[in-house]
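# Structure at a glance
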Amino acid sequence: MRAPRRDQLRNRQRLITAAREAFTEHGPEVALDEIARRAGVGTTTLYRHFPEKEGLIEAVLDDLAAAVRDNAERAMQNSDPVGAFRAVFSQSCDMSEQEVATFAQLAGAGNRADKHAQRLIASVVGPATDRLRSAGRLRAGITADDIATFVRMTLSGDSDEARGKAIQVMLDGLVSPQDATAT
């Protein structure tokens, strides 16, 4: 299979950028024709890259999570598993209010988008969760999917302050004290 041409990659990225802007302004109900127009491509090009709107929504969710994923990878360089987990969890919630709103709207656009958003967050927090579990500092029975759900819960806060409080409460409940065994 041949690698995509540069113009194909450029058009794909233009579509994702245009969709992100349109979804932010109008929600997931925005017409695909409007997204193609904003990207400066025809609808045929849009459908060639994204035969279904759900695929475009998933691509925008991926785009929104890219910086969070990069932050999580840097946080994992911390030698302390608790510090790394706290940083990954906090940075998984570190999006602008507008990005949070767009992510939440798109994740709520349907079952497929919801599952994709959950998988995305779980893949970001999974390595830190596994590392914290291996160190015996994660509450028993907690999975990366649970952590992803908790991250999504914190994203629903109305302000940065509310999200910050939610993050702190979640972290306090998830990380076992060093002198206790995980329960």
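Residues numbered from 1 in each chain as written. Predicted model: local features only at pLDDT ≥ 70, side-chain atom pairs only at ≥ 80, totals over all residues. Heavy atoms only, no water.

### Describing the packing of helix H1 (residues 6-26) against helix H4 (residues 53-75)
Note the threshold: Angles shown run from 0 to 180 degrees and are taken between the N-to-C directions of axes, each axis being a line fitted to C-alpha atoms and, for helices, limited to the stretch in contact. Secondary structure is summarised from DSSP: a helix means a run of H or I of at least four residues, a strand means a run of E of at least two, and numbering begins at the N terminus for each. An angle below 35 degrees is read as roughly parallel, one above 145 as roughly antiparallel, one from 65 to 115 as roughly perpendicular, and any other as oblique. Any pair of residues with heavy atoms lying within 4.5 Å of one another is described as a contacting pair. By the convention adopted, Pro, Cys, Tyr, Trp, Phe, Met, Ile, Leu, Val and Ala count as nonpolar, Lys, Arg, Asp and Glu as charged, and the other residues, Gly among them, as polar.
At a closest axis distance of 9 Å, the pairing of H1 and H4 adopts a crossing angle of 85°. Relative to H4, H1 is oriented roughly perpendicular. Contacts between H1 and H4 involve Arg12, Gln13, Leu15, Ile16, Ala19, Arg20 and Phe23 on the former and, on the latter, Lys53, Leu56, Ile57, Ala59, Val60, Asp63 and Leu64. Of the residues that constitute the contact of H1 with H4, the class distribution is 9 nonpolar, 1 polar and 4 charged.

### Remarks on helix H2 (residues 32-39)
Every α-helical turn comprises 3.6 residues, leaving residues that sit three or four positions apart pointing alike. Definition in use: Burial classes follow relative accessibility: with a 1.4 Å probe on protein chains only, a residue under 20% of its type's maximum area counts as buried, one over 50% as exposed, and anything between as partly exposed. Summarising the geometry, the arc corresponds to the directions from the helix axis toward the C-beta atoms.
Restricting attention to buried positions, one finds in H2 the residues Leu32, Ile35, Ala36 and Ala39. Down the axis of H2, the sector holding all buried residues measures 100°, keeping them to one side. In H2, the exposed positions angled more than 90 degrees off the buried face are occupied by Asp33 and Arg37. Lining the buried residues of H2 we find H1, helix H3 (43-49) and H4. Phi for Gly40, located one or two positions after H2, is positive at around 75°.

### Looking at helix H9 (residues 160-174)
Put simply, the rule reads: Helix span, expected: 1.5 Å multiplied by one less than the number of residues in the helix.
The end-to-end C-alpha separation of H9 is 21 Å, in line with the 21 Å expected for 15 residues at 1.5 Å each. Those residues of H9 that are buried are in contact with helix H5 (81-92), helix H6 (97-107) and helix H8 (144-155).

### Here's the deal with the confidence of the model for the protein
Cut-off, in case you're wondering: Confidence of the predictor in every single residue is expressed as pLDDT, which spans 0 to 100.
Looking at the protein as a whole, the pLDDT averages 90, with 97% of positions reaching at least 70. The least confident element of the protein is H8, whose mean pLDDT is 87; the most confident is H2, at 97.

### Examining the environment of Met170
With respect to the element layout, Met170 can be found in helix H9. Residue classification places Met170 among the buried residues on the basis of a relative accessible area of 18%. Spatially, the C-alpha atom of Met170 lies 14 Å from that of Gly83, the residues being 87 residues apart in sequence. Among all residues touching Met170, those that are not within four sequence positions of it are Phe89, Phe150, Met153 and Thr154.

### A few points about the packing of aromatic side chains
What counts, and what does not: We call Phe, Tyr and Trp rings a pair once their centres come within 6.5 Å, taking the six-membered ring for Trp, and we label the pair stacked below 30 degrees between planes, edge-to-face above 60, and tilted otherwise.
Per the counting criterion, the structure on display carries 1 aromatic pair. Relative to Phe89, the ring of Phe85 has its centre 6.2 Å away and its plane inclined at 40°; by these criteria the two rings are tilted. Residue Phe85 and its partner Phe89 are located together in helix H5, separated by 4 residues, close to a single helical turn. Just as Phe85 is buried, Phe89 falls in that class too.

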